[in-house]
Amino acid sequence: MRRIDSAGIVRPLFKTLLESGDLISIYDDRIACLLVLIDVLGHGANARTVAVQASTWLDGHRMEPLLAMINGLHHCLAGTRGAVAAVCRFDAETGILQYTGVGNISLRLVGRQSTSLMTADGVLGYGAVHAEVREMKLFPGTTLIMHSDGISTHFDILECPGILHKPAEEIAETILNRFGMKDDDASCIAMKYLQ
């Protein structure tokens, strides 16, 4: 039985995804998933080159522990313009969400549980980063929202009545379209832990 519904959307500042520094990777097998959101500093084709570099690295390391992934991305992006990122792994069998991140990627739970999840300060590819993996138990009926700083951090989910009853793809699209800023790449992931 499917226990997870997850989806993401990226809206580039310029015309195509080939010019976006925001990157989403979702690996979902119906009862477990890995969610990655990366926001490369800046915009355009140069930011996209760094995002592709991060994506290529991720493809070969997505089974690693989260801390190894975030530290690996940090080393992978050394010498580039840098990025901020969050990585979440969820197991619907146990209800355990593990998460880590560096920089201003927003993570929040809405629905049955409501809280913001913290990431470490810093920029991947620059200086030292001190990420740590945290975990918490989710209850069915909870939705995880991840988004880049291209979406206002102060939006209220209650401004979108009935949104949590929609599929994850529609949740992500609605949040991006309603609260996305017009002067930045923007991206959003929604993951529903189904009843």
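Notes on the structure in this doc start here.

Calculation notes
- Residues numbered from 1 in each chain as written.
- Predicted model: local features only at pLDDT ≥ 70, side-chain atom pairs only at ≥ 80, totals over all residues.
- Heavy atoms only, no water.
- Axes fitted to C-alpha atoms, helices over the stretch in contact; angles between N-to-C directions.
- Helix = DSSP H or I, 4+ residues; strand = E, 2+ residues; numbered from the N terminus.
- Parallel < 35°, antiparallel > 145°, perpendicular 65-115°, else oblique.
- Left-handed = near helix turned anticlockwise from the far one by under 90°.
- Contact = heavy atoms within 4.5 Å.
- 1 Å grid on protein atoms, 1.4 Å probe; cavity = no way out; pocket = protein on both sides within 12 Å on 5 of 7 lines; lining within 4 Å.
- Points joined across faces, edges and corners; volume = space filled by probe spheres on them.
- Nonpolar A, V, L, I, M, F, W, Y, C, P; charged D, E, K, R; others polar.
- Salt bridge = Lys/Arg side-chain N within 4 Å of Asp/Glu carboxyl O.
- Buried < 20%, exposed > 50% of the residue type's maximum accessible area, 1.4 Å probe, protein only.
- Lys, Arg positive; Asp, Glu negative; His and termini not counted.
- Pairing = 2+ DSSP bridges.

## Quick word on the packing of helix α1 (residues 44-59) against helix α2 (residues 66-76)
Packing of α1 against α2 leaves a shortest axis separation of 10 Å and a crossing angle of 140°. What the angle tells us is that α1 and α2 run oblique. Crossing handedness for the pair α1 and α2: right-handed. Touching Gln53, Ala54, Trp57 and Leu58 of α1 are Ala68, Met69, Gly72, Leu73 and Cys76, all from α2.

## Examining the layout of surface pockets
In this structure, the largest pocket spans a volume of roughly 160 Å³. As for the largest pocket, its lining consists of Gly111, Gly141, Thr142, Thr143, Leu164, His165, Lys192, Tyr193, Leu194 and Gln195. Those elements giving two or more residues to the lining of the largest pocket turn out to be β9 (142-147) and β10 (186-193). A per-class count over the lining of the largest pocket returns three nonpolar, six polar and one charged.

## Notes on the pattern of salt bridges
Counted according to the given criterion, the structure contains two salt bridges. Measuring nitrogen to oxygen at the nearest pair gives 3.9 Å for the salt bridge that ties glutamate 159 to arginine 178. Here glutamate 159 is found in the loop between β9 and α3 (168-179), whereas its partner arginine 178 is found in helix α3, with 19 residues between them in sequence. Exposure remark for glutamate 159: the relative accessible area of 39% places this residue in the partly exposed category. Judged by its relative accessible area of 47%, arginine 178 is partly exposed.

## Brief notes about the side chain of aspartate 39
Along the chain, the position of aspartate 39 falls in strand β3 (residues 32-40). Among buried charged residues, aspartate 39 stands out as having no salt bridge; its nearest opposite-charge side chain is arginine 81, 9.1 Å away. For aspartate 39, the residues in contact, after removing those within four places along its chain, are Gly21, Asp22, Ala83, Val84, Ile105, Ser148 and Asp149.

## Remarks on the sheet that holds β3
Read across the sheet, five strands follow the order β2-β3-β4-β5-β8 without closing on themselves; strand pairing throughout is antiparallel. The open sheet has two edge strands, β2 (22-28) and β8 (134-137), and neither has a second partner. For this sheet the average axis-to-axis angle between neighbouring strands, irrespective of direction, equals 15°. Summarising the sheet, strand β5 (residues 96-102) and β8 pair through four bridges and their orientation is antiparallel. By the bridge assignment, tyrosine 99 is partnered in β8 with arginine 134. The sheet contacts of α2 involve β3, β4 (83-91) and β5, and relative to β4 the element is tilted by about 160°.

In short, geometric facts, not functional conclusions.
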